[in-house]
Amino acid sequence: MHSPRGSFTSRFGATVAVGGSVVGLGNIWRFPYVAGENGGAAFIVVYILMSFLVAVPIMLSELSIGREARRSLHGAMARLSPGRPWKFTGTLGVVTALVIVSFYCVVAGWALNFLGRSVVDDFAGRSIGEITGGLRAFIDSGWKPVLWMSVFLGLTAGIVWFGVEKGIERFNKILMPLLVLMLVGLGVNSLFMEGFREGMAFVLKPDFSKIDGAVVFQALGQAFFSLSIGMGAMTVYGSYVKRDESLPRIAGTVAISDVCIAILSGIAIFPAVFTFDINPTSGPELVFMTLPGIFQQMPGGYWVSIAFFSILFMAAITSSVSLMEAIVAWLMEEFRMSRRRALAMATGTVFALGTLCAVSQVEGSRLRVLGMDIFDLFDKTSSTVLMPLGALLIVVFAGWVMDGAMLRGQLTSMGHSSKRLNS
Ligand code: PFF
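A brief look at the structure comes next. Given the structure is predicted, the values throughout are model-derived calculations rather than measurements.

This part covers the overall build of the protein. The helix and strand tally for the protein stands at 17 helices and 2 strands. Residues classed as buried in the protein amount to 61% of the 423 residues present. Sequence separation of at least 24 residues holds for 83% of the intrachain contacts in the protein that already meet a minimum separation of 6. Here the protein has roughly 16,300 Å² of accessible surface; of this, 65% comes from carbon and sulfur atoms. Once the 32 positive and 26 negative side-chain charges of the protein are each reduced to a mean point, those two points are 11 Å apart.

Pasting the structure below:
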């Protein structure tokens with residue numbers, strides 16, 4: 001039960017590690033595609049509100065529960081409320097992590113494939129129509145996405161194998177600043193695109209008549225997905241944060257960075273979407289249809305393309321590592337498995353589910369549920385059903401079940417940070 005727990009060595013280390021989980025495909029791939037499907041700027045306003053007003057308090061609850069109990073969500077709830085069924089929130093979280101990591105690895109596989117194609121300069125001279133057709137053919141092959149997903153999953157498992165500090169912390173310190181730099185560069189490049197005005201208007205000029213219940217729900221789901229909350233990943237990270245670090249500070253910094261990176265990604269993508277006449281509602285393929293065209297048009301595009309897909313791949317892997325870590329930590333704590341066994345089981349299950357997601361996307365596949373392929377089903381239900389449900393249980397637990405003094409202690413880092421919460 002009392003397996004030795006590592007801890008992050010500094011606040012910067014903790015922030016970038018949490019940031020590594022939070023910033024990923026959700027910002028660069030999912031945010032533009034969901035914003036595109038939901039009308040752009042008005043969606044973005046709701047998404048920002050949801051991130052700060054709803055998601056940050058939930059993130060704080062998760063981090064507090066984790067640091068208090070020094071366990072994954074399941075173990076933490078069992079410890080803080082023994083003999084009651086709260087711990088099943090942790091079980092739900094593990095199911096959610098499994099669902100997410102399965103389709104996440106598929107998209108990350110696309111990114112890896114695009115990295116490979118950038119290296120061999122395969123996009124050179126191709127029209128947007130050809131690039132889009134090529135992506136469709138890739139997905140329709142069935143086996144290619146599975147192959148690339150497997151490579152990505154193998155790399156994820158490799159990092160989880162090496163544990164907390166060596167695997168995650170070091171990696172993120174270099175990666176996060178590079179990603180931001182790259183996106184700023186692409187944002188500046190957008191200035192020179194024909195569709196700049198139209199793209200910026202799409203991102204910045206809200207038409208509030210476009211907001212309805214469905215848009216609000218999608219925005220909530222995107223905020224939860226992007227901030228990695230509602231399923232216990234943050235609890236695991238919380239358990240590694242030192243006692244005297246300020247949790248509100250970590251959560252605040254991470255949330256601001258996360259929202260800024262998503263918007264930067266929108267600024268990099270939408271001007272190009274309009275320049276190339278791509279439909280903003282193209283769905284999960286949107287960003288992959290757009291990026292190669294952007295790189296073709298810019299000076300040094302060959303190198304920028306390689307750099308960008310490398311960084312995208314790395315941003316994805318720091319997130320998938322946190323998802324795997326949540327599953328592995330649960331298996332280790334609840335079933336007293338060795339790290340090696342837990343990791344093997346998790347990887348095998350993700351491989352099976354990820355394959356299902358990829359194969360269901362093949363044109364004409366009969367693997368459909370509720371009118372969606374399995375990929376879409378996993379993508380949509382994780383953010384609009386599973387994460388909100390988990391989040392609700394977590395805040396009720398933090399607010400009403402967990403001892404109030406304990407929670408206050410965590411939020412003020414036992415008096416090390418904000419004095420106000422103590423009074
Ligand atoms: N927040 C990650 C992203 O934006 O890519 C995805 C994610 C990671 C969701 C970890 C949930 C999670 F626990």
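So, next bit.
The environment of the ligand is made up of 16 residues, and the closest members are Val-22, Gly-26, Tyr-104, Phe-225 and Met-231. Between the ligand and the protein, one listed contact pairs an oxygen atom with a backbone N or O atom of Leu-25 at 3.1 Å. Between a nitrogen atom of the ligand and a side-chain N or O atom of Ser-228, the distance comes to 3.0 Å. In the complex, 100% of the free accessible area of the ligand, which totals 340 Å², lies under the protein chains. Cavity membership is defined here by more than half of the atoms lying within 2 Å of grid points; on that basis the ligand lies in the largest cavity. Taken together, the elements giving at least two residues each to the shell around the ligand come down to helix 1 (11–22), helix 2 (25–37), helix 10 (213–226) and helix 14 (301–335).

Okay, a nonpolar patch on the surface next. Together, Val-180, Val-184, Val-188, Leu-191 and Phe-192 make up an exposed nonpolar region whose accessible area comes to about 460 Å². By the element assignment, Leu-191 lies in the loop between helix 8 (164–190) and helix 9 (196–204).

Okay, the layout of surface pockets next. Rolled over the atoms, a probe sized like a water molecule indicates the empty space that remains. Roughly 250 Å³ of volume is contained in the second largest pocket. For the second largest pocket, the lining is made up of 15 residues, of which Val-16, Met-176, Val-180, Ser-257 and Ile-261 are closest to its centre. Of all the secondary-structure elements, those providing two or more residues to the lining of the second largest pocket are helix 1, helix 8 and helix 12 (247–275). Per-element accounting of the lining of the second largest pocket gives the leading share, 6 residues, to helix 12. Residue classes in the lining of the second largest pocket are distributed as 11 nonpolar, 4 polar and no charged.

Quick notes on the rules
Note that residues are indexed from 1 along each chain, following the sequence as it is written. With pLDDT at 70 or above as the cut-off, local features in this predicted model cover only qualifying residues; side-chain atom pairs require 80 or more to be listed or tallied, and sums for whole chains, interfaces and linings still use all residues. Values reported for side chains reflect all heavy atoms of the structure, with hydrogen atoms and water molecules removed beforehand. A run of DSSP states H or I qualifies as a helix once it reaches four residues; a run of E qualifies as a strand once it reaches two. Both are numbered from the N-terminal end. Buried, partly exposed and exposed residues are distinguished by accessible area as a fraction of the type maximum, computed with a 1.4 Å probe on protein chains only: under 20%, between the cut-offs, and over 50%, respectively. It only takes one pair of heavy atoms within 4.5 Å for two residues to be counted as in contact. Note on areas: Shrake-Rupley, 1.4 Å probe, and residue coverage restricted to the protein chains presented here. His is not counted, nor are the chain ends; Lys and Arg add positive charge and Asp and Glu add negative charge. By convention, the charge on Lys lies at NZ, on Arg at CZ, on Asp at CG and on Glu at CD. Residues are classed as near a molecule or strand on a simple rule: at least one heavy atom within 4 Å of it. Nitrogen and oxygen atoms within 3.5 Å of one another constitute a polar contact, given that in protein one can donate a hydrogen and the other can accept it, and given that sequence-neighbouring residues count only through two side-chain atoms. In the cavity and pocket records, a cavity denotes points on a 1 Å grid over the protein atoms alone where a 1.4 Å probe fits but cannot get out, a pocket denotes an open set with protein on both sides within 12 Å along at least 5 of 7 lines, and lining residues are residues with an atom within 4 Å of a point. Pocket or cavity membership: a molecule qualifies when more than half of its atoms sit within 2 Å of the grid points of that site. The residues that make up patches have over 30% relative accessible area and no salt bridge, and they are joined within 9 Å when like-charged or within 5 Å when they are Val, Leu, Ile, Met, Phe, Trp or Tyr. The term salt bridge refers to a side-chain nitrogen of Lys or Arg lying within 4 Å of a carboxyl oxygen of Asp or Glu. Grid points are joined across faces, edges and corners, and a volume is the space filled by probe spheres set on the points. Ten residue types, Ala, Val, Leu, Ile, Met, Phe, Trp, Tyr, Cys and Pro, are classed as nonpolar, four, Asp, Glu, Lys and Arg, as charged, and the remainder, Gly among them, as polar.

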